[in-house]
Amino acid sequence: MPVTLTSLDNQEFKVDKEVAERSILIKNMIEDVGESDAPIPLPNVSAAVLTKVIEYCEHHRNDPVQVQDETDDPRKRSNDIEEWDMKFMQVDQEMLFEIILAANYLDIKPLLDVGCKTVANIIKGKTPEEIRKAFNIVNDFTPEEEAQIKKENEWAEDR
Amino acid sequence: MHALDLPELVAYLAPYLSQKSLINCIRVSQQWHDAFVPHLWSTFRVTVPSTRSLFTLSSLDTHAPCVRDICFKDLSVASDSTFFNLSFPYLQTLSLSFAAYRTDRALRAAAFEFLQRHQGQLRALSLLKPLGPMSEVTGPQTRSRHDLMTQEALYIAKSWELLHGCHGLRSLKVESSPFWFDLVDQQVLKIVSELETLSLGNVGREKIQLTEGEQDDSSTPSSSQGPRWTLCSTDPCIRQRAVRIRQLSLEYCNSLSEEYHLIKECHAELRSLKWLSTIHANVIPPMAKHLEEGMWPFLDSLELRIPGLQDKDLAAVLRAIGPLRKLNLSGTEFGPLSTTGLLETENLGQDGKVQKKHAARLEKLLLGGCNNLTGAMVQRFLCELPHLKEIHAKVLTDRDLENDTRPWVCQDLRVFHVGIALAVRNIEEDQSEISKDDSKIPHPRISPFMERLSALTRLESFHITSTRSGQDKTEGEFYLSSSEEQAQRFELQKLHSAGGLEQLKTLRHLVQVRMEYTGQKMTMSEAKWMVENWPRLESVVVRQLMTMGTSDHDVVRVFFGQHQIHYGSS
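Residues numbered from 1 in each chain as written. Chains lettered and ligands numbered in written order. Predicted model: local features only at pLDDT ≥ 70, side-chain atom pairs only at ≥ 80, totals over all residues. Heavy atoms only, no water.

1. Details of helix H5 (residues 93-106) of chain A
Residue and element names in this part refer to chain A. Spanning 14 residues, H5 covers 20 Å between terminal C-alpha atoms, matching the ideal 20 Å at 1.5 Å per step. A large share of H5 lies buried, amounting to 10 of its 14 residues. Inspection of H5 places Gln93, Met95, Leu96, Phe97, Ile99, Ile100, Leu101, Ala102, Ala103 and Leu106 among the buried residues, and these make up the whole buried set. N-cap assignment for H5: the residue whose side-chain oxygen lies 3.0 Å from the backbone N of glutamate 94 is aspartate 92. Residue aspartate 107 follows H5 closely and has a positive phi angle near 60 degrees. (Helix = DSSP H or I, 4+ residues; strand = E, 2+ residues; numbered from the N terminus. Expected span 1.5 Å × (residues − 1). Buried < 20%, exposed > 50% of the residue type's maximum accessible area, 1.4 Å probe, protein only. Polar contact = N/O pair within 3.5 Å; in protein donor to acceptor, adjacent residues only side chain to side chain.)

Structure follows, in structure tokens:
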């Protein structure tokens with residue numbers, strides 16, 4: 001049974017209900033509205049991003065509901081991304097953050113996890129300058145500010 | 001709108017970043033700084049005294065609202081008492097340990113006052129290394145031991161009062177205290193009954209006469225009383241509050257009977273029990289009997305090591321206990337009876353059908369250092385425990401694979417720490433096999449291992465060691481002589497010939513590899529092979545007693561370093 005999703009720029013996407021319901025937000029909306037053909041508006045998500053999100057949900061449509069892995073370690077791991085997901089996340093960094101925002105808004109936790117892990121993996125092992133390059137960020141610190149920040153947080157380097 | 005503008009998204013991302021990554025993120029730009037600084041300061045961990053100079057009290061004060069978790073080790077009188085003047089409005093987790101014999105009264109008083117100020121907030125507290133007068137710097141030895149102990153007792157009593165005020169405390173860890181948690185004491189019981197996690201390490205069993213001349217019969221050493229295993233159910237103090245502890249850890253405390261008493265108090269909600277002791281159990285705690293009576297209905301994670309517990313005692317526990325998720329019996333007498341208890345005990349599954357009780361749930365099985373464990377048993381585990389994710393065991397030989405050719409059902413295995421060995425055949429056979437060594441294909445006796453390992457595509461960590469006694473003791477074979485051992489080493493070295501590792505290229509999730517056979521050298525071509533085929537690799541450890549060709553070793557280390565892979569020798 002298909003549902004229609006409308007993006008920010010008014011493009012319509014027809015997807016199976018099962019696929020759309022990977023998004024808890026959409027799932028709840030459908031439950032609230034009941035049986036209806038009315039399209040579901042998603043004013044916070046552009047067509048380009050929604051295309052990607054739907055692609056993810058289609059691929060993972062049969063995944064079991066995620067159970068919290070019972071580990072005591074609050075520090076989460078980022079080295080266990082599935083191969084398909086890794087390829088899926090090979091997008092420019094702007095799109096990467098857009099996907100994360102969309103996954104947050106639409107409440108698709110597995111996609112949010114994959115997005116965050118991907119960002120964490122990009123950051124891993126890079127110096128601040130390399131991180132700036134990877135994410136197109138301008139360094140807006142003065143040299144004095146940089147020195148102070150380094151000093152203030154020095155204690156953390158000793159682990 | 002950028003993802004980093006949303007604090008809740010930054011909060012979601014931050015746990016995936018290592019401490020190092022967080023530090024680098026903070027230096028990227030003002031926006032990144034403001035987004036990530038609260039997460040860096042969320043955990044304030046200071047250990048080595050030299051680190052003390054790396055933060056200022058004023059910067060700590062500025063960031064105090066971000067701090068959720070403080071861990072301050074090796075506190076000593078030197079300069080640390082000023083730290084305790086600060087306040088952390090959102091502090092939830094506190095871990096303090098004092099450097100032995102370098103504290104003084106002022107530091108202790110400051111620490112106490114700090115704890116008192118944060119009483120209402122704390123959810124988790126760890127007090128490691130003695131905090132009492134016994135750890136004080138003493139001048140000339142004017143105080144008698146009795147005097148010190150009395151002081152210590154009063155001090156502990158005051159600590160209990162303090163803990164009383166920690167209404168939200170859910171997790172408590174105490175190490176190295178001479179005094180036991182006497183549950184008859186109302187104060188103690190009130191605190192303990194609110195806890196979800198309790199961990200006691202090296203906590204003693206001493207009672208001190210606080211008043212001169214008082215005849216307190218509990219001051220006699222517990223060994224002369226004999227074990228008191230039965231719960232005194234008529235005692236009103238104990239019955240009043242149900243203890244809700246879910247995770248209990250007792251490590252090397254000094255009185256088995258008192259410890260068991262505490263374990264029984266946790267009869268309702270206990271999910272995880274760790275009980276390690278060096279005291280020999282002259283009388284076995286009736287754990288199996290109490291389990292059969294329905295005590296600890298939710299217990300599914302057990303770690304036990306009490307000298308004196310035999311294979312049959314462990315087997316009885318395994319038969320009586322509910323379906324286990326995690327079992328750690330390292331260093332115990334785990335043997336054939338326990339294997340049967342673990343693998344063959346049956347119960348009714350959720351669908352009403354009879355099933356193997358533990359096979360239905362067991363995910364982690366740790367049996368390192370169990371001298372009665374044979375390869376045949378290990379092979380059974382791999383063939384009969386479908387949900388196994390982690391296994392630690394001493395030995396598995398090719399003969400075990402020949403004797404039991406069933407496939408390994410544990411397709412979800414992540415951690416494989418098992419000593420692999422070649423069973424001793426007769427010497428002539430081995431020698432002739434050694435002589436035809438130039439083939440590039442893996443040795444036929446190694447291949448069955450590699451084939452089975454290669455099917456475990458979710459494997460993340462494997463240790464392969466060569467063991468001295470790779471044979472079934474019951475067959476009465478001898479331990480390896482030095483020439484046999486050398487033959488075995490030589491065979492395992494073939495893993496490193498060009499074809500040796502090839503079968504393992506399916507293990508694309510491999511993160512950690514440890515290969516320990518003496519004399520084996522890692523070459524550049526192997527290193528390159530690993531980097532190419534194991535993309536998530538982070539650590540490679542090899543055992544190298546021979547350091548010939550050291551330059552090769554360094555070249556490999558540099559190469560791995562470039563790929564952020566730790567390379568070391570054990």
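2. Some points on the UniProt feature "domain: SKP1 component POZ" (unreviewed entry) in chain A
The UniProt record marks residues 3-62 of chain A with the feature "domain: SKP1 component POZ" (unreviewed entry), using the residue numbering of this structure. For residues 3-62 of chain A, the helix share is 45%, the strand share is 18%, and the end-to-end C-alpha distance is 17 Å. (UniProt positions renumbered as here; feature names shortened; annotations may be inferred.)

3. A short note on the confidence of the model for chain B
Residues and elements named next belong to chain B. With 69% of its residues at a pLDDT of 70 or more, chain B has an overall mean of 77. The least confident element of chain B, judged by mean pLDDT, is helix H8 (residues 222-225) at 33; the most confident is strand E10 (residues 326-328) at 97. Throughout residues 468-480 the model reports pLDDT below 50, and contacts reaching past four residues in sequence, or to other chains, amount to 26 contacts. Among the scores for the predicted complex, ipTM is 0.90 and pTM is 0.80. (pLDDT = per-residue confidence, 0-100. Contact = heavy atoms within 4.5 Å.)

4. Regarding the pairing of strand E15 (residues 415-421) of chain B
Residues and elements named next belong to chain B. With respect to burial, E15 is a largely interior element, 7 of its 7 residues being buried. Here E15 shows two buried faces, one formed by Val415, His417, Gly419 and Ala421 and the other by Phe416, Val418 and Ile420. The pairing of strand E14 (residues 390-397) with E15 spans 6 bridges and is classified as parallel. Across the sheet, the residue bridging to histidine 392 is histidine 417, located in E15. In this region the chain leaves E14, passes through helix H15 (residues 398-403) and returns to the parallel neighbour E15; the handedness of that crossover is right-handed. (Pairing = 2+ DSSP bridges. Right-handed = clockwise from strand over helix to strand, strands pointing away.)

5. Some words on the environment of lysine 124 of chain A
Residue placement: lysine 124 of chain A occurs in the loop between helix H6 (109-123) and helix H7 (128-135). For lysine 124 of chain A, a relative accessible area of 38% corresponds to the partly exposed category. The spatial distance from the C-alpha of lysine 124 of chain A to the C-alpha of valine 3 of chain A is 40 Å, given a sequence separation of 121 residues. Contacts of lysine 124 of chain A, omitting those with residues within four sequence positions, involve Ser21 and Glu538 of chain B.

6. A look at the nonpolar core
One broad rule of soluble globular proteins: the nonpolar side chains tend to lie buried together. With 191 residues, the main nonpolar core has Phe36, Phe381 and Phe416 of chain B as its most contacted residues. Counting residues per element, this core draws most heavily on H5 of chain A, at 9 residues. For this core, the two domains that each supply at least three residues are domain 1 (1-40) and domain 2 (441-570) of chain B. If we skip the residues at most four places from it in the chain, phenylalanine 36 of chain B touches Leu4, Val10, Leu13, Leu17, Leu22, Cys25 and Ile26 of chain B. (Core = buried A, V, L, I, M, F, W, Y, C linked by side-chain atoms within 4.5 Å. Domains from an automatic or database assignment.)

7. Describing the environment of threonine 93 of chain B
All names here are of chain B. By the secondary structure assignment, threonine 93 is in strand E3 (residues 93-98). Residue classification places threonine 93 among the partly exposed residues on the basis of a relative accessible area of 27%. When the C-alpha positions of threonine 93 and arginine 68 are compared, they lie 6.3 Å apart, and in sequence the two are 25 residues distant. Ignoring sequence-local partners within four residues, the contact set of threonine 93 consists of Arg68, Asp69, Ile70, Leu122 and Ala124.

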